Amino acid sequence: MFKDLDPLLHSQLRLAVMSLLISTEEADFVFIREKTASTAGNLSVQIEKLHEAGYISVKKSFKGKMPRTTCRISPAGISAFEKYVEALSEYLQPK
Amino acid sequence: MENSLNEKESLDLISQMINTAKNNLQKGTAKIILLWGYLVAGISLATWVLLETLPFETRYHAFYLWFLMVAGYPFHFMLVKKIEREKLVRTYIEGLMNRVWIGFTISILMVVFGMLIDSLIVNTFAEAVKPGHEFIRWFHWLLLVPFMLCLYGFALFVSGKAYEFKPLTYGGIFCFAACFVLLFSLHKTGVYGIQQFTLFISAVVGFVIPGHLLNRKEKNDVQGS
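All of the points below concern the structure found in this document.

**Things to note about the overall build of chain B**
The helix and strand tally for chain B stands at seven helices and one strand. From first element to last, N terminus to C terminus, chain B shows the α and β order α-α-α-β-α-α-α-α. Across the 225 residues in chain B, those meeting the buried criterion constitute 41%. Of the contacts made within chain B by residues no fewer than 6 positions apart, 76% connect residues no fewer than 24 positions apart. On chain B, roughly 12500 Å² of surface is accessible, and the fraction owed to carbon and sulfur atoms is 71%.

**Things to note about the nonpolar core**
Residues and elements named next belong to chain B. Counting residues in hydrophobic clusters, the biggest one holds 36 residues, and the most contacted among them are V40, L149, Y152 and L199. Looking at this core, the elements with two or more residues in it are α2 (29-53), α4 (92-124), α5 (144-162), α6 (166-183) and α7 (191-221). Tallying contributions element by element places α5 first for this core, with nine residues. When near neighbours in sequence (up to four residues on either side) are disregarded, V40 contacts W66, M69, Y152, L199 and A203.

**Considering the side chain of T70 of chain A**
Structurally, the position occupied by T70 of chain A is in strand β3 (residues 66-73). Beyond its immediate chain neighbours, meaning those up to four positions away, T70 of chain A contacts E26, A27, D28, S57, V58 and K59 of chain A.

**A short note on the state of the cysteines**
Residue and element names in this part refer to chain B. Under the definition given, this model contains zero disulfides over all chains. C179 provides the cysteine sulfur closest to C150, a residue in no disulfide bond, and the two sulfurs are 4.5 Å apart. Free of any disulfide, C175 has its nearest cysteine sulfur in C179, 9.2 Å distant. Accessibility expressed as a relative area gives 0% for C175, which makes it buried.

**Quick word on helix α2 (residues 29-36) of chain A**
Residue and element names in this part refer to chain A. Listed in full, the buried residues belonging to α2 are F29, F31, I32 and T36. One face of α2 carries all of its buried residues, which in axial projection span an arc of 160°. By the N-cap criterion, in which a side-chain oxygen at the helix start approaches the backbone nitrogen of a residue two or three places on, α2 is capped by D28, the distance to V30 being 2.8 Å. Just beyond α2, the residue with positive phi is A37, at close to 55°.

**Examining the interface of chain A and chain B**
Taken together, the 32 residues of chain A in the interface contact 27 residues of chain B. Per-residue buried area on chain A facing chain B is highest for Q12, E25 and F31 of chain A; these three make up 23% of the total on that side. Where chain A touches chain B, the interface holds zero salt bridges. Here chain A is connected to chain B by six residue pairs in polar contact (both at pLDDT 80 or more). Those elements that place two or more of their residues in the side of chain A that touches chain B are α1 (12-22), β1 (24-28), α2, α3 (40-52) and α4 (75-92) of chain A. Take the side of chain A that touches chain B: its biggest share by element is eight residues, from α1 of chain A. When the residues that make up the side of chain A that touches chain B are grouped by side-chain class, the tally is 15 nonpolar, nine polar and eight charged. Taken together, the three bridges between β1 of chain A and strand β1 (residues 89-91) of chain B define a ladder with antiparallel strand orientation. Residue pairing for β1 of chain B: T24 of chain A is matched across the bridge by T91 of chain B.

**What to know about the sheet that holds strand β2 (residues 56-63) of chain A**
Read from one edge of the open sheet, four strands run β2(A)-β3(A)-β1(A)-β1(B), paired in antiparallel fashion. Of all the strands in the sheet, just β2 of chain A together with β1 of chain B have a single pairing partner and so form its edges. Ignoring strand direction, the axes of neighbouring strands in this sheet form an average angle of 20°. Lying over the sheet, α1 of chain A contacts β1, β2 and β3 of chain A, oriented at roughly 80° with respect to β3 of chain A.

Cut-off values and rules
- Residues numbered from 1 in each chain as written.
- Chains lettered and ligands numbered in written order.
- Predicted model: local features only at pLDDT ≥ 70, side-chain atom pairs only at ≥ 80, totals over all residues.
- Heavy atoms only, no water.
- Helix = DSSP H or I, 4+ residues; strand = E, 2+ residues; numbered from the N terminus.
- Buried < 20%, exposed > 50% of the residue type's maximum accessible area, 1.4 Å probe, protein only.
- Contact = heavy atoms within 4.5 Å.
- Areas by Shrake-Rupley, 256 points an atom, 1.4 Å probe, with all protein chains shown as cover.
- Core = buried A, V, L, I, M, F, W, Y, C linked by side-chain atoms within 4.5 Å.
- Disulfide = S-S within 2.5 Å.
- Arc of directions from axis to C-beta.
- Polar contact = N/O pair within 3.5 Å; in protein donor to acceptor, adjacent residues only side chain to side chain.
- Buried area = accessible area lost by both parts, 1.4 Å probe.
- Salt bridge = Lys/Arg side-chain N within 4 Å of Asp/Glu carboxyl O.
- Nonpolar A, V, L, I, M, F, W, Y, C, P; charged D, E, K, R; others polar.
- Pairing = 2+ DSSP bridges.
- Axes fitted to C-alpha atoms, helices over the stretch in contact; angles between N-to-C directions.

Right, dumping it as structure tokens:
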């Protein structure tokens, strides 16, 4: 029996964001936008969805006079990501 | 980037994103390596020249040049502050490497201060030193440069492996080799000069050359500005 893939993570941009955050302690919005080649508007929406689900924490601050958004994966996010990868492996290597 | 994915594409995306971030070096890291590299190389070269040229009785004054190392700290903290202000991402490797270099600095300072205190104590009780055994006042200083090179080797080797940047790894191996060679030359005439010159070469190979190569690499693929 295959496990269901978490619908929140099974989306290209949200999965890309979570993959970046799982390999970093924290990452700036600009860094994520550059690495995922996404638009600021779309990325903001997806980050908000991940934040609402408790998968990431979002910190707003200032860099000089410029607003800055920093994202960090939460323990719940790490757990969800691990389950997602585990489910993926089962799809690719069915017993 | 909001398309649905099949399972294979999902795994490929995860792998691609993780690889993107894992070896990230902050822009400016090379400048810190160059700062300390040039400082150690300059001081050790100047010390070597003075050791070779000053009269025998006063040549130990050459070692006072090492107090100039303190001058590196304000510039170091300025560079760190600039990196912190401009950084866009902090990786786990980077956090770990920061701690390795902090440990490296504490180790060096502990040994230098320990030797200084020991020398002061020995000199204070100089009368207690038996005639013919005066060497114990200064003998331990002979081990300082090999010890420093061993620590340089350790920190450079670990950094090179962590960031997958071979010039740092090779620099670390060179420092290990230099340490090993110096430990076999403790009894040689002019050992202090040999040590300072070896330190100069090691600083160039371990810090200056990798620092410049890293500076070039940063311009191509490092995040942070």
